[in-house]
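Residue strings, one per chain:
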Amino acid sequence: MWMFRNKGMTRQIKICCLLLILSIGIAGFFGGSKMAAAVGISGLMWTNLYIWHERSRYQGIRSLTEQMDLILHGEETLNLEHFREGDLEILRDEIAKILVRLKEQTNLLRKEKHMLADSLADISHQIRTPLTALHILMVRLKSADLEQSERRIMIREAEQMLDKIEWLVTTLLKMSKLDAGAIELQCEQIQLEEFLKEAMKPFEIPLEVHGKEYEIHCDNDISFYADYAWTLEAVQNVIKNGIEHTPDGGRIFISCTENPLYAEITLIDSGKGIEESDLPHLFERFYRGKNSGENSFGIGLSLSRMILTRENAVITAKNAKNGGGQFQIRFYK
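Residues numbered from 1 in each chain as written. Predicted model: local features only at pLDDT ≥ 70, side-chain atom pairs only at ≥ 80, totals over all residues. Heavy atoms only, no water.

**Overview of the sheet that holds strand β6 (residues 313–319)**
Spatially, β2-β4-β5-β7-β6 is the arrangement adopted by the five strands of the open sheet, whose pairing is mixed. Looking at strand neighbours, the two that pair on one side only are β2 (213–217) and β6, the edges of this open sheet. Across the sheet, the mean angle separating the axes of adjacent strands is 15° when strand polarity is ignored. Sheet topology places strand β4 (residues 251–258) next to strand β5 (residues 262–268); six bridges connect them, and they run antiparallel. Paired with C256 across the two strands is I265, which belongs to β5. Helix α7 (residues 228–244) rests against β4, β5, β6 and β7 (325–332) of the sheet, and its axis sits at about 165° to β7. (Pairing = 2+ DSSP bridges. Helix = DSSP H or I, 4+ residues; strand = E, 2+ residues; numbered from the N terminus. Axes fitted to C-alpha atoms, helices over the stretch in contact; angles between N-to-C directions. Contact = heavy atoms within 4.5 Å.)

Structure, rendered in structure tokens:
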């Protein structure tokens, strides 16, 4: 029986029986048989009531145990049949909360597992393309009939491929560190105009070669609070994207505004603009839009959003009124 499986309950019943017998004996000794009978009847009633109460409680515990066993063997939810007061119901509710949290964590781990598998597949695909091109170049470079001028061109192409692979691997490592939370940002007050001039320095020669120009309109007193190096990485990726989509002879326009809530950077290129179907996916990892260049890996803007999100900043994209893509970065105060 249920009561004999629980040693504590068995001990309590034995004590109740001994106390009942002792009470009947004392009542019979001092009050006679009628008093003993009254004490015995009332004692039996209270003992049965106690046993019934404990039996109901242990049945609830046993039911809860059986439900937990079902959950461990494949059931997904806890069947909450009661809405009563009491320690057992509180325990049932707390277990339900734990199960909900465990289910959420399981779903999150399953989702992360699929994302990791997709990322590994994308990474292998992205690296395979320049590696295949390098392999072809190496085969051609081994040819004895190759002229010196052609050999120099192929070596230059091989160097470009190696630079692409190095950039890809470095960027993926940065994204992995951000995903793992292994990077601690060192935020400081940054003067925005000087920051944008520094961000444009690596692009000045390529812009000049292709006849492209840029303008920066920013007040001297506008500043924001962020990690300098990582924010520079994020903003330069956005600038690089705008330059790639600006035709030769085009112009990049960068402006800054500030209000009590945030400081904002707006970048507008003079390209074809962003396809409407690409806008919802523009910051997804490895996503390449319809107007993406051949050398695009689809991770620059994704890295920018990851960095800016860690700094309580928001980046958005849309098409400018007069044409071209428009990116806005807001650093909230």
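**Comments concerning the nonpolar core**
Of all hydrophobic cores here, the largest spans 46 residues; its most connected members are L192 and I239. Top element by residues in this core is α7. It accounts for seven residues. Core analysis: the next-biggest nonpolar cluster, separate from the first, contains seven residues, L134, L146, M154 and A158 among them. (Core = buried A, V, L, I, M, F, W, Y, C linked by side-chain atoms within 4.5 Å. Buried < 20%, exposed > 50% of the residue type's maximum accessible area, 1.4 Å probe, protein only.)

**Focus: the packing of helix α4 (residues 148–180) against helix α8 (residues 300–310)**
Orientation of α4 relative to α8, taken along the N-to-C sense of each, is 30°, at an axis distance of 10 Å. Considering the angle they form, α4 stands roughly parallel to α8. The two elements α4 and α8 meet at a crossing, and its hand is left-handed. Across from W167, T171, K174, M175, L178 and D179 in α4, the residues of α8 making contact are G300, S302, L303, M306, I307 and R310. (Parallel < 35°, antiparallel > 145°, perpendicular 65-115°, else oblique. Left-handed = near helix turned anticlockwise from the far one by under 90°.)

**Focus: the pattern of salt bridges**
Tallied over the full model, the rule gives eight salt bridges. A salt bridge links E233 to K174, with the shortest nitrogen-to-oxygen separation between them at 2.8 Å. Taken together, the residues E233 in helix α7 and K174 in helix α4 connect sequence positions 59 residues apart. Exposure remark for E233: the relative accessible area of 17% places this residue in the buried category. Through salt bridges with shared partners, a single ionic network connects E213, E215 and R251. (Salt bridge = Lys/Arg side-chain N within 4 Å of Asp/Glu carboxyl O.)

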